[in-house]
Amino acid sequence: MFGDLFEEDFSFISNNHCGKGKISKPRESEPPAPRDFTNLSGIKNQGGTCYLNSLLQTLLFTPEFREALFSLGPEELGTLDDSRKPDAKVRIIPLQLQRLFAQLLLLDQQAASTADLTESFGWSSHEEMRQHDVQELNRILFSALETSLVGTSGHDLINRLYHGTVVNQIVCKECKNVSERQEDFLDLTVAVKGVAGLEEALWNMYVEEEYFENDNLYRCGACDKLVEASKSAKLRKLPPFLTISLLRFNFDFEKCERYKETSCYTFPIQINLKPFCEQTEMDDSEYMYELFSVIIHKGGCYGGHYHVYIRDVDELGNWQLQEEEDGLIEEKSLRDTENAKETENPLAVLKGILSEEEAKQIPVDQLGQKLLEKKGVSWNKKYRKQYGALRKYLQNHSQIFQLSPDGNKVGLKETHKLLFKLDSHGQNLQSLSQKNDVQWNCEKTPPRPRAASAGCHWFDLNDSKVQPIKEKDIEKQFQGKESAYMLFYRKAQLKRPSEARGNPRYQIPEHLLNEMNAANTELQKKRAECDSANNGIDLHLHLSSCYKFHNGALHPSLSWKESVVDLTIDRRKTLGDLRQAAFQMLESWEGDMVLSMAKPLPAGLHLYQVLDGDELTLDGVGLADGADIFVWNGKEVGGTKVLTGPEHEPVVLNVLRLAEHNEGGKGQHFSEAQHVFTCSTSLGQLHAALAPAGGIILKNGSGADREAKNWEVFREEDMKETVRSAGLRDGCSVLILDSHDQSFVNVASGNLTAFTYDISWLQVKNFCGVEEEEKHVKITATIETVMADIKMKAIRELQLKEELAYESCLRPVSGNGKLLSPVPEDYTVKEAELKMGSLLGLCRGKAPTSTQLFLYFVVGSDQNCSPEMEIVVEETASVKECLNLMLEKSGLSGDNWHLRRLDWCYEAGEALSQEVRGACFNHIGSLLPGEKGRSGLTGILCFLFLQNATLKELNVCRGDTLVITEGKLPQKGFLKIPIWWLKPSSHKKHGENARDQVNGIAWKMEALQVSAAAAPPEPTHPGLDLCYAGRIEIAGEASLEDLKMQALTLPCCQEQVVPLPSFLRAWTVDSKRPGKLLRDNKRRLSDYRLGTRVEICIEPLQEEENLGPHELLLRVQMGIPGARDYSDSRDLVWDISKECTTWALRQRVASHYCLPVDKIEIAKYFPERFEWLPISSWTQQISKRKRRKKQESLQSAPYHLKDGDVIGVKNLLLDDTKDFSTIRDDIGKEKQRQLALEKRKSRQERVQDPFLPEEKLPMKPRKPEVALSINVGVFR
């Protein structure tokens, strides 16, 4: 009913066939999360199955339904282990439903998966991603369960719990004759529009009468005439569980669109159905129903999301609202605050002091002193600002305090003194009693979070999320875009046994209990492993005995593996545990052991804070996974004192100096050296170390894209700054200018004036060596440095032989590690378009000159089968010369080849010559005088030009990829078309070589250029064979009839006896199947816009055919009764000029087979998915007024009917099964599933591989609306 607008939960779903002990895993790496505080399990959303989840939770919390389902044992239903056996009749749907309910009740996971249940429905992944109507699902699921339980003790389960009857009566006003008709129902559908609530809707349906009078009279069967009468309906039989569907979706005939009714619609928690029943003699309790489930729809009529409010009848969940807990805490804090205020109230304090005095009155000054002693603060400091002076405060409360006439003494009046003592004594007794009561309660019965009323707790189950709600929250779903859609009531007389309350194991079969126990044990084990893995951290322990300190940092004296010990430990353990583990690993350690945080820096390993406090946890001290820890004595390493801490952090600086000579003779050249200084080193010390002879130091502050104008001079006043405060970091460059180079610098402004080239650096990696470890170095250069100089410097830095300079080149390396085309050696960095930090590969082979092109090429269109090769050619070489060189290098010969570019899809594109044919044709034609010259010589000259066109003239650039393709190019205006011969195959019996039937068509791999071993089987047209006939070359102006005649001249077709071209049918080949039907033999081929890569298949006919534009050609095949197979297909021509509707097609098919229209079922076959889509017969039930409205065409969604489609037909007189699938479809789906699993596995491997580039997943198009169905086996 809906499209795919819904809230999605893309948790990983297991598609395993579940046997004993198997559970669904949301992710391969981690087990599913345990249940939350509600102790209830949600259900995962497979993409669009929120409607299914809401209904399944309702059925689960219907204890009578759940227990009736559990009462069916394996002896009646079979077992899931036998589901693969061919002769076993296993009732998979109830078995999977039992198993899902057991998981929801007992398995300790936050959400269960419905993948196995939907697989038992026969749903594909497309169905799981498509949302449907929950009211429709309710009816279809009940029907599927009834069918699945035929022949078992639960055959009447649905009828027993949900079946009710309605009686419609018409009473004649004259003879009082009663005509009645009884109807069964599983759910009541009630109106929403124009109705205030459920009671009013039921009143309109089952209390109010409709009268036949005036012009609208009723023909009475007893009176045999038109009479006045009254019509009414009553509920005759009430089911134990009443399901009510609300008609919230309507159609606006004025706007011609669907809409959702969002007006207020009330429904009670308890309802008395007595006024709506036929029999009212029983007690009122027989008619009382209680609401226990509300399925809610959020959204509009074209999509949305479902969730459900459910009353926990058996008290299986833990119900406690967070806001109530917060309220209790807030109330307690408020009480404490009031008590504190009361304590801080000076009235109570003063009354307490005066009540303890034996004398009737004491001096006011003495009262102030006693207040200071008791509270530790004087009246003036604590109370004067708010209450005024003490004497004035006592006078204002004369009803409590009694002052002497002179106002110097004060006492408490007798009445208040007595009341204060009684109040204090009672309060103490009360508080003591409360304390004892609390202790007694805690010892005997600990408080439970449940409320006192049993079975009245409500929960909101929203896919994987479960949370408690209040009963009054249901009122929020009376109206709005998020409102009630289905109501479920249960009889108030249905009482639950006491042993069922709070017991999720109640009535569950023993085999399911054992399976869930085993599954929970496995879950706990995996969670423990996962917890250990998640909290385990890998630490790198660097041993001081394997290090030496020089050049400002620690460096390993041995290899890295010998200097570092890896230790895995739980982050929740303490530093003492870490120290103990280190002692156990390093048995030979002697003396104190100090652990210090270390960090590898460009200069080497540097130490920071010491890890102290053995009681602290590793997580608390900030130890993360992969942390480096240095193990030493805390003083020295190898006899050298080590400075630690961030203030002594070493910094590597690149020190540049102007070179006297430049080897390339182009641009400026520098010498470079690296020096290490601590970040606390002053610039004065830096100057003394690097420029002792009075030179100038400059730094570059522009970062990656630095230019000469950004070089700044360190002045005299800057010499007190440190390396860190001056902004010098690892890798920063400083330029040292000696006295003879200082003409470049304007010292007053601090800027570089004559130095014009920016300084950059490149990485060069050695690809020439045979060592396993490929070394790389960093080379400093400017944008004007010549590539030859960079190569020579890299060879020296890599310590390679200088003779390598004559037989090597530099090639840029792309982000995915591919070597790009070599850079000419006379190019500068700027001309080579290299950025700072670019990676170059030093490879064997000479670099091309500026007049040469470096090209890639492959043989054939399949990039995976043919390796990519490289070649260097002159840019003035012609296409033919380039092709010959490539053929020679690839070991091919002959002249039956041509070159094509590689298009943006990495496939062979248009040929090189075709890209410039039109341009050169116009250019040459414009040079010739007169019309005759243009028409006569232009074609010849253009052909000669193309044969001699150079790669430069064809815009072939350095690094392009060309494809060597077999075959000569056709002349201008001609098409080279592969021809296939389409003929019917011999019909194979049911089950005979079923695997061979999956492919259906015998392909000649030569034309398709694919390998039979490598290519997966493609879905093809069943019952037809395609044989490759050959290729023809034909003009685009030729007609379709000419193409058919020329196709008959091919050797493969000469044996066929064809009287006329009209006895042949021509199709395009699309996805290795017949695609578009070509009509009208006189039409030119160019009018069809076939394209250069079109393939045509020819089908011979028994009689002449000339299809019109409004005639649709279908292939119909009748199902064989009792077998999952079809007879040979027949061609059916259907005129759709009037209408292309379901009803018209059913009439045409029925007349073709001479059967009644209502005794056939038809479905369209989708060979690419191996699925059959039934063409619904709903139009038979619609009214005449609605039928007059234009129906949707079958050529639109979801059927998209076109020429050549296969229509399966079922004769209901002989075959009442509605399953259109065949054994061939089962095998095809299984192979597709295997391919999908392999693709998913390879995609996961690519995601886990950090060196592979990321791929963007294509967006899925919106799916068409499809009817909901559940496939059920036959158990009669």
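Not measured: the values here are computed from a predicted model.

Caption draft 1: Layout of the overall build of the protein chain. Each helix and strand in the protein chain was counted, giving 31 helices and 56 strands. By the burial criterion, 45% of the 1276 residues in the protein chain qualify as buried. Looking at the protein chain alone, contacts between residues at least 24 apart form 70% of all its contacts between residues at least 6 apart. Roughly 67,900 Å² of accessible area belongs to the protein chain as shown, and the carbon and sulfur atoms make up 50% of that amount.

Caption draft 2: Seen up close, unusual backbone geometry. A1197 connects to P1198 through a cis peptide bond whose omega is 0°. Here P1198 lies in the loop between α30 (1184-1187) and β56 (1206-1211). Look at D463: it is not a glycine, yet its phi comes out positive at around 55°. Checked against the element boundaries, D463 lands in the loop between β19 (458-462) and β20 (465-469).

Caption draft 3: Seen up close, the sheet that holds strand β18 (residues 409-412). The strand order across the open sheet built from three strands is β16-β18-β17, with neighbouring strands paired in antiparallel fashion. The open sheet has two edge strands with one neighbour each: β16 (362-363) and β17 (401-403). The sheet contacts of helix α11 (residues 346-356) involve β16, β17 and β18, and relative to β18 the element is tilted by about 90°.

Caption draft 4: A look at helix α1 (residues 50-60). Taking burial as the measure, the eleven residues of α1 include eleven buried ones, the bulk of the element. Within α1, burial applies to C50, Y51, L52, N53, S54, L55, L56, Q57, T58, L59 and L60.

Caption draft 5: Seen up close, the side chain of S54. The topology assignment puts S54 in helix α1. For S54, a relative accessible area of 2% gives the class buried. At 3.0 Å, the side chain of S54 forms a polar contact with the backbone oxygen of C50. Non-local contacts of S54, meaning those with residues more than four positions away in its chain, are made with I295, Y306, H307 and V308.

Caption draft 6: Inspection of the pairing of strand β52 (residues 1111-1118) at higher detail. The element β52 is largely enclosed, with a buried count of seven among its eight residues. Relative to strand β53 (residues 1130-1135), β52 is paired through six bridges, and the arrangement is antiparallel. Along β53, the bridge assignment pairs L1113 with V1133. Two strands pair when backbone bridges link them, and β52 and β56 are joined in this way by four bridges, in the parallel orientation.

Caption draft 7: Region of interest: the confidence of the model for the protein chain. Residues at a pLDDT of 70 or more form 78% of the protein chain, whose mean pLDDT is 78. This model gives residues 914-947 a pLDDT under 50, and the stretch forms 31 contacts once residues within four places in sequence are excluded. The model gives residues 1178-1190 a pLDDT under 50, and that stretch makes eleven contacts with residues more than four places away or in other chains.

Caption draft 8: Here's a closer look at helix α28 (residues 1040-1047). Listing the buried residues of α28 in full gives L1040, L1043, K1044 and A1047. Summarising the axial view, the buried residues of α28 lie within an arc of 100°, below the 170-degree limit, and thus occupy one face.

Caption draft 9: Representation of the nonpolar core. The biggest cluster of nonpolar side chains holds 68 residues, and the ones touching the most others in it are F65 and F101. Tallying contributions element by element places helix α4 (residues 92-106) first for this core, with nine residues. The residues touching F101, leaving out its near neighbours within four places in the chain, are L56, L59, L60, F65, R66, L69 and F70.

Caption draft 10: Local environment of the sheet that holds β56. The mixed open sheet is built from five strands, whose spatial order is β53-β52-β56-β54-β55. Looking at strand neighbours, the two that pair on one side only are β53 and β55 (1171-1174), the edges of this open sheet. Within the sheet, the average angular offset between the axes of one strand and its neighbour, ignoring direction, is 40°. Bridging between strand β54 (residues 1160-1166) and β56 involves five bridges; their strand directions are antiparallel. Looking across to β56, one finds that I1162 is bridged to V1209. Contacts from helix α29 (residues 1142-1153) reach β52, β53, β54 and β56 within the one sheet, and its direction differs from that of β53 by about 135°.

Caption draft 11: The environment of I400, seen in detail. Its place among the elements puts I400 in the loop between α15 (390-396) and β17. A C-alpha to C-alpha distance of 6.2 Å links I400 and L412, two positions twelve residues apart in sequence.

Caption draft 12: Structural view of the packing of aromatic side chains. Under the counting rule described, the total for this entry stands at 23 aromatic pairs. Plain terms: the ring middles of Y383 and Y387 are 6.1 Å apart, the flat faces sit at 55° to each other, and that makes the pair tilted. Exposure remark for Y387: the relative accessible area of 30% places this residue in the partly exposed category. Ring centres 5.3 Å apart and planes at 90° place the aromatic pair F854 and Y856 in the edge-to-face group. Both residues of the pair, F854 and Y856, belong to the buried class. Among the aromatic residues, those joined into a cluster by ring pairs are F65, F101, F142, Y162, F241, F292 and F488. In this structure, R1083 packs its charged tip against the face of Y1088, placed 4.7 Å from the ring centre. Sitting over the face of the ring of F1166, R1169 holds its NZ or CZ atom 4.5 Å from the ring centroid.

Quick notes on the rules
Residues numbered from 1 in each chain as written. Predicted model: local features only at pLDDT ≥ 70, side-chain atom pairs only at ≥ 80, totals over all residues. Heavy atoms only, no water. Helix = DSSP H or I, 4+ residues; strand = E, 2+ residues; numbered from the N terminus. Buried < 20%, exposed > 50% of the residue type's maximum accessible area, 1.4 Å probe, protein only. Contact = heavy atoms within 4.5 Å. Areas by Shrake-Rupley, 256 points an atom, 1.4 Å probe, with all protein chains shown as cover. Pairing = 2+ DSSP bridges. Axes fitted to C-alpha atoms, helices over the stretch in contact; angles between N-to-C directions. Polar contact = N/O pair within 3.5 Å; in protein donor to acceptor, adjacent residues only side chain to side chain. pLDDT = per-residue confidence, 0-100. Arc of directions from axis to C-beta. Core = buried A, V, L, I, M, F, W, Y, C linked by side-chain atoms within 4.5 Å. Phe/Tyr/Trp six-rings, centres within 6.5 Å; stacked < 30°, edge-to-face > 60°. Lys NZ or Arg CZ within 6 Å of the ring centre and 35° of its normal.

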